[in-house]
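Letter by letter, the chains look like this.
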Protein chains: 2
Amino acid sequence: MSWTLGTVNVNGMRAAVRNGFPAWRGRSGCDVLCLQELRMQEDQMTGDHTEPRGWKRVQVDAEKKGYSGASVWSRLPVVDQGTGIGLDWADAEGRVAWMQLDRARVYSVYLPSGSSGEARQAMKERFMAHFFDWSRDLLATGAPIAICGDLNIAHAEADIHNPGANKKNSGFLPHEREWFSELLGLGWTDCFRAANPDAREYSWWSNRGQARALDRGWRIDYILASPALAATLESSSIVGRTPALSDHCPVLATFGA
Amino acid sequence: MSWTLGTVNVNGMRAAVRNGFPAWRGRSGCDVLCLQELRMQEDQMTGDHTEPRGWKRVQVDAEKKGYSGASVWSRLPVVDQGTGIGLDWADAEGRVAWMQLDRARVYSVYLPSGSSGEARQAMKERFMAHFFDWSRDLLATGAPIAICGDLNIAHAEADIHNPGANKKNSGFLPHEREWFSELLGLGWTDCFRAANPDAREYSWWSNRGQARALDRGWRIDYILASPALAATLESSSIVGRTPALSDHCPVLATFGA
DNA sequence: CTTGCAAAG
DNA sequence: CTTTTCAAG
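A brief report on the enclosed structure follows.

Cut-offs used in this document
- Within any chain, residue numbers begin from 1 and follow the written order of that chain's sequence.
- The order in which chains are written sets their letters, starting at A; the order in which ligands are written sets their numbers, starting at 1.
- Only residues with pLDDT of at least 70 get local features here, since the model is predicted, and only at 80 or more are side-chain atom pairs given and counted; chain-wide, interface and lining totals rely on the full set of residues.
- In computing side-chain values, all of the structure's heavy atoms are included and hydrogens and water are not.
- In this analysis, rings of Phe, Tyr and Trp, with Trp reduced to its six-membered ring, are considered paired at centre separations within 6.5 Å, and the interplanar angle assigns stacked below 30 degrees, edge-to-face beyond 60, and tilted for intermediate values.
- A run of H or I in DSSP becomes a helix once it reaches four residues, and a run of E becomes a strand once it reaches two; helices and strands are each numbered from the N terminus.
- Note on exposure labels: buried denotes an accessible area under 20% of the residue type's maximum, exposed denotes more than 50%, and partly exposed covers the range between, all computed with a 1.4 Å probe on protein chains only.
- Patch criteria: residues need more than 30% relative accessible area and no salt bridge. Like-charged residues are merged within 9 Å; nonpolar side chains of Val, Leu, Ile, Met, Phe, Trp and Tyr are merged within 5 Å.
- Note on areas: Shrake-Rupley with a 1.4 Å probe; residue coverage comes only from the protein chains shown.
- The rule for a salt bridge is simple: a side-chain nitrogen of Lys or Arg has to be within 4 Å of a carboxyl oxygen of Asp or Glu.
- We count Lys and Arg on the positive side and Asp and Glu on the negative side, and we leave His and both chain ends out.
- Charge positions come from single atoms, namely NZ of Lys, CZ of Arg, CG of Asp or CD of Glu.
- Pairing between strands requires that DSSP locate at least two bridges from one strand to the other.
- Whether two residues are in contact is decided by their heavy atoms: any pair within 4.5 Å suffices.
- As a rule, the C-alpha atoms of each element are fitted with a line to give its axis, helices using only the stretch in contact, and angles between N-to-C directions run from 0 to 180 degrees.
- Whether a residue is near a molecule or strand depends on its heavy atoms: it is near if one of them lies within 4 Å of it.
- As used in this structure description, the phrase polar contact means that two N or O atoms lie within 3.5 Å; if the pair is within protein, one of them must be able to donate a hydrogen and the other to accept it, and residues adjacent in sequence are counted only when both atoms belong to side chains.
- All residues other than Ala, Val, Leu, Ile, Met, Phe, Trp, Tyr, Cys, Pro, Asp, Glu, Lys and Arg, Gly among them, are scored as polar; the first ten of these are nonpolar and the last four charged.
- When the strands point away from the viewer, a crossover counts as right-handed if the route from the first strand across the helix to the second turns clockwise.

**Let's talk about the packing of aromatic side chains**
Residue and element names in this part refer to chain A.
In step 1: Under the counting rule described, the total for this entry stands at 24 aromatic pairs over all chains.
In step 2: Relative to W134, the ring of Y107 lies with its centre 4.8 Å away and its plane at 80°, an arrangement referred to as edge-to-face. With Y107 in strand β7 (residues 105–110) and W134 in helix α4 (residues 118–140), this residue pair connects regions lying 27 residues apart in the sequence.
In step 3: Since its relative accessible area comes to 13%, W134 is described here as buried.
In step 4: Between W179 and F180, the aromatic rings sit 6.2 Å apart at their centres with planes inclined by 80°, giving edge-to-face as the arrangement.

**Some points on a positive patch on the surface**
Residues and elements named next belong to chain A.
In step 1: A cluster of basic side chains, namely R14, R18, R39 and K65, defines a positive patch on the protein surface.
In step 2: Within the secondary structure layout, K65 lies in the loop between β3 (56–60) and β4 (70–74).
In step 3: Note on K65: relative accessible area 59%, which makes it exposed.

**Observations concerning the sheet that holds strand β6 (residues 96–101) of chain A**
Residue and element names in this part refer to chain A.
In step 1: Spatial ordering of the open sheet is given by β5-β6-β7-β8-β12-β9, a layout of six strands whose pairing is mixed. The open sheet terminates on both sides in strands that have one partner only, identified here as β5 (78–83) and β9 (189–190).
In step 2: Packed on one face of the sheet, α4 meets β6, β7 and β8 (145–150) and runs near 160° to β8.

**With respect to the protein's contact with DNA strand D**
In step 1: Taken together, 22 residues lie around DNA strand D, and K64(A), Y67(A), S116(A), R14(B) and R39(B) are the ones closest in.
In step 2: Between a phosphate oxygen of DNA strand D and a main-chain N or O atom of A15(B), the distance comes to 3.0 Å.
In step 3: Separating a base oxygen of DNA strand D from a side-chain N or O atom of R39(B) is a distance of 2.4 Å.
In step 4: Take the surface near DNA strand D: its biggest share by element is three residues, from helix α1 (residues 13–18) of chain B.
In step 5: Here the residues of the surface near DNA strand D sort into three nonpolar, nine polar and ten charged.

**Re the protein's contact with DNA strand C**
In step 1: Close contacts around DNA strand C come from 22 residues, with R14(A), R39(A), K64(B), Y67(B) and S116(B) the closest.
In step 2: The contact in question runs from a phosphate oxygen of DNA strand C to an N or O atom on the side chain of S116(B), over 3.0 Å.
In step 3: Element by element, the count of residues in the surface near DNA strand C is highest for helix α1 (residues 13–18) of chain A, at three residues.
In step 4: A breakdown of the residues in the surface near DNA strand C according to their chemical character gives three nonpolar, nine polar and ten charged.

**What about the sheet that holds strand β6 (residues 96–101) of chain B?**
All names here are of chain B.
In step 1: In space, the six strands of this open sheet follow the order β5-β6-β7-β8-β12-β9, with mixed pairing throughout. Of all strands in the sheet, those bounded by a partner on one side alone are β5 (78–83) and β9 (189–190).
In step 2: Note: β6 against strand β7 (residues 105–110), five bridges, orientation antiparallel. Bridging from a neighbouring strand, Q100 pairs with R105 of β7.
In step 3: Against the sheet, helix α4 (residues 118–140) makes contact with β6, β7 and β8 (145–150), and its axis sits at roughly 160° relative to β8, the strand it touches most.

**Overview of the environment of D221(B)**
Residue and element names in this part refer to chain B.
In step 1: When you line up the elements, D221 lands in strand β12 (residues 221–225).
In step 2: Linking D221 and S203, residues 18 residues apart in sequence, is a C-alpha distance of 6.0 Å.
In step 3: Apart from residues lying up to four places away in sequence, D221 is in contact with N9, Q36, G149, D150, S203, W204, H248 and V251.
In step 4: Within the structure, the side chain of D221 is placed 2.6 Å from the side chain of S203, a separation counted as a polar contact.
In step 5: At a separation of 2.8 Å, a polar atom in the side chain of D221 contacts the side chain of H248.

**A word on unusual backbone geometry**
In step 1: Look at N11(A): it is not a glycine, yet its phi comes out positive at around 45°.
In step 2: Looking at where N11(A) falls in the secondary structure, it is placed in the loop between β1 (3–9) and α1.

**Some remarks on the pairing of β8(B)**
All names here are of chain B.
In step 1: Most of β8 is tucked away: six of the six residues are buried.
In step 2: As defined by bridge partners, β7 adjoins β8 across six bridges and the pair is classed as parallel. Bridge pairing links R105 to I145 in β8.
In step 3: After leaving β7, the chain enters α4 and then returns to the sheet as β8, a path that is right-handed.
In step 4: As paired elements, β8 and β12 share five bridges and run antiparallel to each other. Bridge assignment links I147 to a residue of β12, and that residue is L224.

**A closer look at the pattern of salt bridges**
Residue and element names in this part refer to chain A.
In step 1: Scanning the model with the defined rule gives 24 salt bridges over all chains in all.
In step 2: A salt bridge links R219 to D190; its shortest N-O distance comes to 2.8 Å. Of the two residues, R219 sits in the loop between β11 (217–218) and β12 (221–225) while D190 sits in strand β9, which places them 29 residues apart along the sequence.
In step 3: Residue class for D190 comes out buried when judged on its relative accessible area of 6%.
In step 4: What emerges from the salt-bridge pattern is a single network uniting D159, D190, R193 and R219.

Encoded structure:
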């Protein structure tokens, strides 16, 4: 039996619900869903903001209201679950939640954005350094693992609409792209790219101007699979069709049993 | 030649413009317009937020962005103009602007609301005390004067939809109503009430619930005329028809030459 | 340009 | 319930 894993940065679960998230989720075919940037805390949530009956959820909130937050929803059996990446300030920002399923461990990760200035870019890079070592330790287990989420970096020139104009913008800096290459070098598979070597599809568009209408986007949302999981990859897609749930769109991957 | 004076609390000039303020102004028949709660500063304004060609404007901004502010617009000849009521903290909140026209002096006044708590109610009462003496001095000149604006007090039982339920709410407290009676006792004429002794019309409705649809309003916006001006009062009306420009509606008065 | 928050009404 | 501001993305 194959199963489908999805990830989407909802940029505010309340806004995403207004934009049709519940209906999208129902027809998405996902068995497991990783969400980032919930921008609401668990105690503010009502039915529409949470998992349907029969599903399980693990969620991590930022201490700051209206900011960050991540969760994993699953309709597959859950063996264990938790939150955090072992970096205090990042964990207080609610950036990592995970579930151990019967067939894989699934992480929902929201890597800090550096676009709001030097100070946040420095935090992003501290997170990247920690994440790199942490992900290497995960690979060392040999287990089937997926890291899903908004990594706020477009890896290659094919992952951004205008590589030339963005070489000095956070998210496409040369050293960020090099970090991504080294991450894949550890053994992670970028599922969408592995399944679609020549695709030019994006998962995020700026809200400024007509970026989305003109498809001036970036591919910054990923499903990374460890070797044991990547061996079962069947397909992966980016769901860029309207209606838009947020400034990001969902990324899916289907794995064999 | 008669002339028409209007007053309206716009609760954000930007929102009022979205709600059709420019078109309303054009068909209102006003020669002079007093505005309160502009909630934007002069340097943020573009064409739609300001007077049409051939008009004059005097405006006072709050120091705090997005807060308070008042102005007078006139298409009649302006002899002099100014701002403030001589109360430092209130003047820093941008609550009084005036124009000396050829036929009258016109004040646009935004009296503080006390609805957000005890501290603001105390400020309201300090403003009321100062305003009382200030308005008495104005009357002593014997000149034709109008004080227009949001006084944040409903005077009589006929000026509020539910007198019984509001006796403990700021804006209909017994001592506020008594202050208003004493103000009229100084010699000011409440133009709308003078022209419409039995009317039950309101100039403000809460945004909560269905207050406006159910006409559960308060009459808290006034045109007060000094004896010399009141002697020329021809008519006064409240423009409660949709489309709503804000949570308040305009109040008009027409005077003879 | 958009989300959600906060203060104020 | 609504306006505007603010931080953040």
